Structure formats: structure tokens, C-alpha cells
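# Notes for the structure review
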Amino acid sequence: MESGPEAFAGAVFALFGGGLLAWTGLCVRTGMPVADGVSRPVATVTALLSGVVFLTTGCWLLAAL
């Protein structure tokens, strides 16, 4: 019973992190801005680091089940 919320949170974190990494890669590949009003390198690095952190956290939560 206690692993239900942990599994849900892990899945949400992993999906969000993977989606953020895929979206950032698509933006960089096509030349679209990653974030409005922010320089391209800063926005790209911030989005990539956030995606990796979310994906790692989600995998850690799922592995702890």
C-alpha cells in the first residue's frame, strides 16, 4: 500500500524528465527557442540539467520499490 504513491511519483518524475529532455532536444535541433526571454545557451543548459534531475529522481523512486 505504501509503494503506490511512490510508484506514481516515480512514474510522473520519469515521464516529465524524459519529455523535457525530448522537447529540449527537438528545440535545439530545429532552432526553436527553448525559453522566451532567456539566452539560448542558458535556457538549453537549464532545461537539460532539469530533465536529467527529474529523470534520475524518477528512476531512483521506481528502483526503490
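Each remark here, short or long, concerns the structure printed above.
This text gives an overview of the structure that appears in the document. Just so you know, these numbers come straight off a predicted model, no measurement behind them.

Here the focus is the side chain of threonine 24. For threonine 24, the location among the structural elements is in helix 1 (residues 3-30). Residue classification places threonine 24 among the buried positions, given a relative accessible area of 0%. With residues near it in sequence (within four places) discarded, threonine 24 still touches Thr44, Ala47 and Leu48.

Now for the packing of aromatic side chains. Per the counting criterion, the structure on display carries 2 aromatic pairs. Ring centres of phenylalanine 16 and phenylalanine 54 lie 4.9 Å apart, and the angle between their planes is 85 degrees; on these two criteria the pair is classed as edge-to-face. Taken as a pair, phenylalanine 16 in helix 1 and phenylalanine 54 in helix 2 (residues 40-63) lie far apart in primary sequence, 38 residues in all. Since its relative accessible area comes to 45%, phenylalanine 16 is described here as partly exposed. On the accessibility criterion, phenylalanine 54 (29% relative accessible area) is partly exposed. Among the aromatic residues, ring-to-ring pairing joins Phe13, Phe16 and Phe54 into one connected group.

Before going further, it helps to spend a moment on helix 2. Over its 24 residues, helix 2 extends 34 Å from the first C-alpha to the last, a length consistent with the 34 Å expected when each residue adds 1.5 Å. Those residues of helix 2 not exposed but buried are Ala43, Thr44, Ala47, Gly51, Gly58 and Leu61. The elements touched by buried residues of helix 2 are helix 1.

Moving on: the side chain of threonine 44. With respect to the secondary-structure elements, threonine 44 resides in helix 2. At a separation of 2.8 Å, a polar atom in the side chain of threonine 44 contacts the main-chain carbonyl oxygen of arginine 40. In this structure, threonine 44 is in contact with Thr24, Val28 and Val34, ignoring residues within four places of it in sequence.

What follows concerns helix 1. With 28 residues, helix 1 should reach 40 Å at 1.5 Å per residue; the first-to-last C-alpha distance of 40 Å fits that figure. Those residues of helix 1 that fall on the buried side of the exposure criterion are Gly10, Ala14, Gly17, Leu20, Thr24 and Cys27. The elements touched by buried residues of helix 1 are helix 2. Glycine 31 occupies a position one or two residues after helix 1 and carries a positive phi of about 85 degrees.

Definitions and limits used
- Within every chain, residues take consecutive numbers counted from 1 along the sequence as written.
- Only residues with pLDDT of 70 or above have their local features reported here, since the model is predicted, and side-chain atom pairs are shown and tallied only from 80 upward, although totals for entire chains, interfaces and linings are computed over all residues.
- Side-chain metrics rest on all non-hydrogen atoms present in the structure, leaving aside hydrogens and water.
- Strands are runs of DSSP state E lasting at least two residues, helices are runs of H or I lasting at least four, and both sets are numbered from the N terminus onward.
- Partly exposed describes any residue whose relative accessible area lies between the buried limit of under 20% and the exposed limit of over 50%, with all areas from a 1.4 Å probe on protein chains only and scaled to the type maximum.
- By definition, residues are in contact when any of their heavy atoms lie within 4.5 Å.
- Planes of paired rings set the category: under 30 degrees apart is stacked, over 60 is edge-to-face and the rest tilted, where pairs are Phe, Tyr or Trp rings (Trp by its six-membered ring) whose centres lie within 6.5 Å.
- Expected helix span is taken as 1.5 Å per residue step, with the number of steps being one fewer than the number of residues.
- Residues adjacent in sequence count toward polar contacts only when both atoms are side-chain atoms; beyond that, a polar contact is any pair of N or O atoms within 3.5 Å, and within protein one must be able to donate a hydrogen and the other to accept it.

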